[in-house]
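Overview (structure and organization)
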Amino acid sequence: MEPDQLRAALAAVPDPDWLDQALRGVATDPETVGRLFAVAGRRCGRAPLPDAPGWTADDATRALLLTMLPADRVVGQVETLYRYGDAAEKRAVLRALPWLPVGANGVPLLHDAIRTNDTRLVAAALGPYAAHLDAATWRQAVLKCVFMEIPLTVVDQLDERADDELEIMLAGLDEERRAAGRTIPADASALLARLRTTGTPVSSAASSPVPNTKEA
C-alpha cells in the first residue's frame, strides 16, 4: 500500500473537505499536525477501508498527514507525536515510517513498540520499516508475535529474514510448549517446518534457552 492508494481509499470519508484542508495545512504549517492528529478519528471516522485492507480511516488519515510534513520537520514531529500520542496515534506513526525521510531515526520508536504488550503496536512495528532492525532485535520481535499470538502475516519479509537462529528459537519454544501439553500457533509451526525443510541445523535447539519475551 502506497500513500496515493491510501488517499484514494479515503475518498468516501465523512468529511472529505476537512481532509483536503488538513493535508494542505500540514504542508504549509507543520505545527498544526498535532491538533489534526488528535481529531482525525472524529473527522474521518475509524471504520476499516474496503480499498485498503488492514487500514482504518483514522490510521490512513494520520499516516497521510505525516507524509505532508516538510522534510526538515519530519523527525522531530514524528518523535513528538509518538511519545505523546495514544495507542491509535502511535500505531499510525509506526505505519507511516516507511514513507518518511527519517532514515534510521525511527528505530527507537520500533524498540518502544516491541517492548509493549499492545498487539496493535507490536504488529505495526514489524511492517516494512522493520528492515532497519538488527537481526537479533527482529528475531525477538518475531518470537514475541508468537507468544502474543499475533499473526505472522504482519511481519514484513518474514521468509527472507528468517534464519538459523530464529529456527533454533522457534524449535526451543515448540519443545517447551509440547512438554506442557500445548502447541505453538499454526503459522509459527508452519514457519518452523519451512525452515527445517531448508536443512538448517536445529540440533542445538534443545540446549538453547528461549528468550523471555513476556517482560519485553
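Definitions and cut-offs
Residues numbered from 1 in each chain as written. Predicted model: local features only at pLDDT ≥ 70, side-chain atom pairs only at ≥ 80, totals over all residues. Heavy atoms only, no water. Helix = DSSP H or I, 4+ residues; strand = E, 2+ residues; numbered from the N terminus. Buried < 20%, exposed > 50% of the residue type's maximum accessible area, 1.4 Å probe, protein only. Areas by Shrake-Rupley, 256 points an atom, 1.4 Å probe, with all protein chains shown as cover. Salt bridge = Lys/Arg side-chain N within 4 Å of Asp/Glu carboxyl O. Phe/Tyr/Trp six-rings, centres within 6.5 Å; stacked < 30°, edge-to-face > 60°. Lys NZ or Arg CZ within 6 Å of the ring centre and 35° of its normal. Axes fitted to C-alpha atoms, helices over the stretch in contact; angles between N-to-C directions. Parallel < 35°, antiparallel > 145°, perpendicular 65-115°, else oblique. Left-handed = near helix turned anticlockwise from the far one by under 90°. Contact = heavy atoms within 4.5 Å. Nonpolar A, V, L, I, M, F, W, Y, C, P; charged D, E, K, R; others polar. Polar contact = N/O pair within 3.5 Å; in protein donor to acceptor, adjacent residues only side chain to side chain. Core = buried A, V, L, I, M, F, W, Y, C linked by side-chain atoms within 4.5 Å.

**Some points on the overall build of the chain**
The secondary structure content of the chain amounts to 12 helices and zero strands. Start at the N end of the chain and walk to the C end: the helices and strands fall as α-α-α-α-α-α-α-α-α-α-α-α. Counting only C-alpha atoms and orienting by the principal axes, one finds that the chain spans roughly 60 × 35 × 30 Å. Counting every position in the chain, which comprises 216 residues, the buried fraction comes to 49%. Only carbon and sulfur atoms are counted for the fraction: they give 51% of the accessible area of the chain, which is about 10500 Å².

**Focus on the pattern of salt bridges**
Close approach of charged atoms allows side chains of opposite charge to pair. If you walk through the whole model with that rule in mind, you get 11 salt bridges. The closest approach of N and O atoms between Asp-15 and Arg-43, which form a salt bridge, is 2.6 Å. Of this pair, Asp-15 sits in the loop between α1 (3-9) and α2 (16-28) while Arg-43 is found in helix α3 (residues 33-44), placing the two residues 28 residues apart along the sequence. With relative accessibility at 30%, the residue Arg-43 sits in the partly exposed group. Residues participating in the shared-partner salt-bridge network are Asp-59, Arg-91 and Arg-95.

**Some details on the packing of aromatic side chains**
Within this structure, the stated rule accounts for one aromatic pair. Between Trp-55 and Trp-99, the aromatic rings sit 5.8 Å apart at their centres with planes inclined by 15°, giving stacked as the arrangement. Of this pair, Trp-55 sits in the loop between α3 and α4 (57-67) while Trp-99 sits in the loop between α6 (87-96) and α7 (107-115), placing them 44 residues apart in sequence. Here the guanidinium or amino end of Arg-95 rests over the ring plane of Trp-55, the centre of that ring lying 3.7 Å away.

**Notes on the environment of Thr-153**
Among the structural elements, Thr-153 can be located in the loop between α9 (135-148) and α10 (158-161). Placed 126 residues apart in sequence, Thr-153 and Ala-27 show a C-alpha to C-alpha distance of 34 Å.

**Thoughts on the packing of helix α11 (residues 164-179) against helix α12 (residues 186-197)**
For the pair α11 and α12, interaxial distance at closest approach is 10 Å and the crossing angle is 130°. In terms of their interaxial angle, α11 and α12 are classed as oblique. For the pair α11 and α12, the crossing hand works out as left-handed. The residues of α12 that touch α11, namely those facing Leu-166, Glu-167, Leu-170, Ala-171 and Asp-174, are Ala-188, Leu-191, Leu-192, Leu-195 and Arg-196. Residue classes in the contact of α11 with α12 are distributed as seven nonpolar, no polar and three charged.

**Quick notes on α6**
When you tally the buried positions in α6, you get eight out of 10 residues, the bulk of the element. For α6, the secondary structure elements touched by its buried residues are α3, α4, α5 (74-84), α7 and α8 (119-125). The backbone nitrogen of Ala-88 has a side-chain oxygen 3.2 Å away, supplied by the residue at the start of α6, namely Asp-86.

**Focus: unusual backbone geometry**
One non-glycine residue, Glu-149, adopts positive backbone phi at about 60°. Relative to the helices and strands, Glu-149 is located in the loop between α9 and α10. Positive phi, normally seen in glycine, also occurs at Gln-157, with a value near 60°.

**What to know about α4**
Counting buried positions along α4 gives 10 out of 11 residues, so the element sits mostly inside the fold. Along its buried surface, α4 packs onto α1, α2, α3, α5 and α6.

**Quick look at the nonpolar core**
Ranked by size, the top nonpolar core spans 70 residues in total, and within it Leu-66, Leu-94, Leu-126, Trp-138 and Leu-152 carry the most contacts. The contacts of Leu-152, once residues within four sequence positions are left out, are Val-142, Cys-145, Val-146, Leu-158, Asp-187, Ala-188 and Leu-191.

**Regarding the side chain of Thr-61**
With respect to the helices, strands and loops of the structure, Thr-61 is situated in helix α4. According to the relative accessible area criterion, Thr-61 is buried, its value standing at 0%. At a separation of 2.8 Å, a polar atom in the side chain of Thr-61 contacts the main-chain carbonyl oxygen of Ala-57.

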